[in-house]
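# Commentary on secondary and tertiary structure
So the chains spell out like this:
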Amino acid sequence: MMLELSTWCEVKEYLKTKKVIIIPVGSTEQHGPMGLMGTDFICPEFIARGVSDQTKTLVAPTLTIGMSQHHLAFPGSITLRPTTLIAVIKDVIHSLAGHGFTHLFFLNGHGGNVDSVKTAFSEVYAEHSFSKRPSSVHLQLCNWYGGKRLKKVQTRYFKTGEGSHATPSEISLSFYAHPGSVKKADLTPRVAPNHPFRDSSDFSDKFPDGRIGSDSSLASPEIGKEIFEAAVRDVLDAYELFLNPDIPA
Ligand code: NI
């Protein structure tokens with residue numbers, strides 16, 4: 001159930017029985033020579049739809065631009081400043097909470113967003129704390145790539161070369177979601193280097209083709225299907241725990 005394909009009347013009906021919504025959040029940034037620019041929002045959006053199919057939860061429009069300052073040396077990458085992303089997340093929370101949503105589940109696809117999203121949550125809670133107005137809003141950040149079932153699939157297919165950016169896991173999943181956009185490239189070296197980095201110049205000096213520690217050429221839509229099924233189950237667990245925190249994991 002997608003918010004953008006619903007009417008306001010349908011949303012009003014939904015809120016009579018459910019107060020939870022999933023908000024996919026990602027980024028638009030380079031993902032090496034064969035990864036799609038939209039990888040980090042395609043993946044959480046696709047998984048959110050998988051979770052919604054099983055739970056009938058409303059899914060908000062994906063936040064497609066995140067905090068990607070370190071990718072700006074590569075054509076096409078778009079970023080928000082951390083403070084801008086914090087402001088965007090806060091406004092989304094206030095908009096949805098104002099309609100009566102009490103449980104907001106942010107499903108994230110980009111590591112660079114984590115600090116800003118968590119800070120936005122703290123800012124919202126702080127507003128309630130200072131004003132002595134108890135908050136009915138429950139906020140959760142879940143990274144689609146953090147679960148144990150996914151880890152098993154990664155261990156099976158990507159013993160070396162998973163890395164941390166333009167990973168074969170995320171590229172496989174994006175290819176499964178968009179089989180008409182599968183890309184190939186000759187990667188040299190096959191496994192990219194891995195270092196700490198600072199700004200976009202430092203990033204492009206250290207990672208000339210954009211990858212960090214990964215061998216994107218291991219990606220395939222077939223593996224993407226397995227990744228999808230594992231990640232949906234992982235996220236379902238996190239989602240159920242969010243709604244029922246007192247149930248033992
Ligand atoms: Ni990514």
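Ranked by internal contacts, the top residues of the largest apolar core, which has 53 residues, are I47, F106 and W144. The element best represented in this core is helix α8 (residues 221-243), accounting for 10 residues. By size, the runner-up hydrophobic cluster in this structure holds 10 residues, among which are L36, F41, A166 and F175.

Under the counting rule described, the total for this entry stands at 0 disulfides. As a non-bridged cysteine, C142 has C43 as the owner of its nearest cysteine sulfur, 13 Å distant.

To describe a pair of aromatic rings, one takes the distance between the centres and the angle between the planes. Scanning the model with the defined rule gives 13 aromatic pairs in all. Plain terms: the ring middles of F105 and F242 are 5.7 Å apart, the flat faces sit at 40 degrees to each other, and that makes the pair tilted. Of this pair, F105 sits in strand β3 (residues 103-108) while F242 sits in helix α8, placing them 137 residues apart in sequence. The same class applies to F105 as to F242, namely buried. Following the ring pairs from residue to residue traces out a cluster consisting of F74, F197, F203 and F207.

Before going further, it helps to examine the coordination of the nickel ion. Protein coordination at the nickel ion: the donors are H31 (NE2), D40 (OD), D40 (OD) and E170 (OE), at 1.9 to 2.8 Å from the metal. Given 4 donor atoms and angles of 52 to 138 degrees at the metal, the environment of the nickel ion is assigned as irregular. Between consecutive donor residues of the nickel ion, the sequence gaps follow H-x8-D-x129-E. The buried category is assigned to D40, whose relative accessible area is 3%.

Put simply, the largest pocket is a space of about 360 Å³. Lining the largest pocket are 23 residues, and of these G111, S164, H165, T167 and E170 lie nearest its centre. For the lining of the largest pocket, the class distribution of residues is 5 nonpolar, 14 polar and 4 charged.

To continue, consider the sheet that holds strand β4 (residues 138-143). The strands that make up a sheet are held in pairs by hydrogen bonds between backbone atoms, and each pair lies either parallel or antiparallel. Taken in spatial order, the 4 strands line up as β2-β1-β3-β4 in an open sheet, and their pairing is parallel. For this open sheet the edge positions go to β2 (58-59) and β4, each flanked by a neighbour on one side alone. Relative to β3, strand β1 (residues 20-25) runs parallel, the two being bridged by 6 bridges. Counterpart to V25 in the pairing with β3 is N108.

Look at helix α2 (residues 39-55): 24 Å from first C-alpha to last across 17 residues, which is about the 24 Å you get at 1.5 Å a residue. Turning to α2, its buried residues are T39, D40, F41, I42, C43, P44, I47, A48, G50, V51, S52 and T55. Where α2 is buried, its residues contact β1, β2, β3, α6 (168-177) and α8. The positive-phi residue at the C-terminal boundary of α2 is K56, with phi of around 60 degrees.

Summed over all chains, the structure comprises 11 salt bridges. Residue E226 is joined to R156 by a salt bridge in which the shortest nitrogen-to-oxygen separation is 2.8 Å. Taken together, the positions of E226 in helix α8 and R156 in helix α5 (residues 148-157) put the pair 70 residues apart, joining distant regions of the chain. Put simply, K225 and E229 hold a salt bridge, and the shortest N to O gap is 2.9 Å. Taken together, the residues K225 and E229, both in helix α8 and 4 residues apart, mark about one turn of the helix. A relative accessible area of 38% places K225 in the partly exposed class. Several salt bridges converge on common partners, so that one network encompasses R149, D234 and D237.

Attention now moves to the environment of I93. Following the sequence through the fold, I93 ends up in helix α3 (residues 82-99). The sequence separation of I93 and P75 amounts to 18 residues, and the corresponding C-alpha distance is 31 Å. Those residues in contact with I93, other than ones at most four positions away along the chain, are L104, F106, F121, V124, V137 and L139.

Basis of the calculations
Residues numbered from 1 in each chain as written. Predicted model: local features only at pLDDT ≥ 70, side-chain atom pairs only at ≥ 80, totals over all residues. Heavy atoms only, no water. Core = buried A, V, L, I, M, F, W, Y, C linked by side-chain atoms within 4.5 Å. Buried < 20%, exposed > 50% of the residue type's maximum accessible area, 1.4 Å probe, protein only. Helix = DSSP H or I, 4+ residues; strand = E, 2+ residues; numbered from the N terminus. Disulfide = S-S within 2.5 Å. Phe/Tyr/Trp six-rings, centres within 6.5 Å; stacked < 30°, edge-to-face > 60°. Donors = N, O, S within 2.8 Å, 3.2 Å for Na, K, Ca; no water. Tetrahedral: all angles 85-135°; square planar, octahedral: opposite > 155°, others 65-115°. 1 Å grid on protein atoms, 1.4 Å probe; cavity = no way out; pocket = protein on both sides within 12 Å on 5 of 7 lines; lining within 4 Å. Points joined across faces, edges and corners; volume = space filled by probe spheres on them. Nonpolar A, V, L, I, M, F, W, Y, C, P; charged D, E, K, R; others polar. Pairing = 2+ DSSP bridges. Expected span 1.5 Å × (residues − 1). Contact = heavy atoms within 4.5 Å. Salt bridge = Lys/Arg side-chain N within 4 Å of Asp/Glu carboxyl O.

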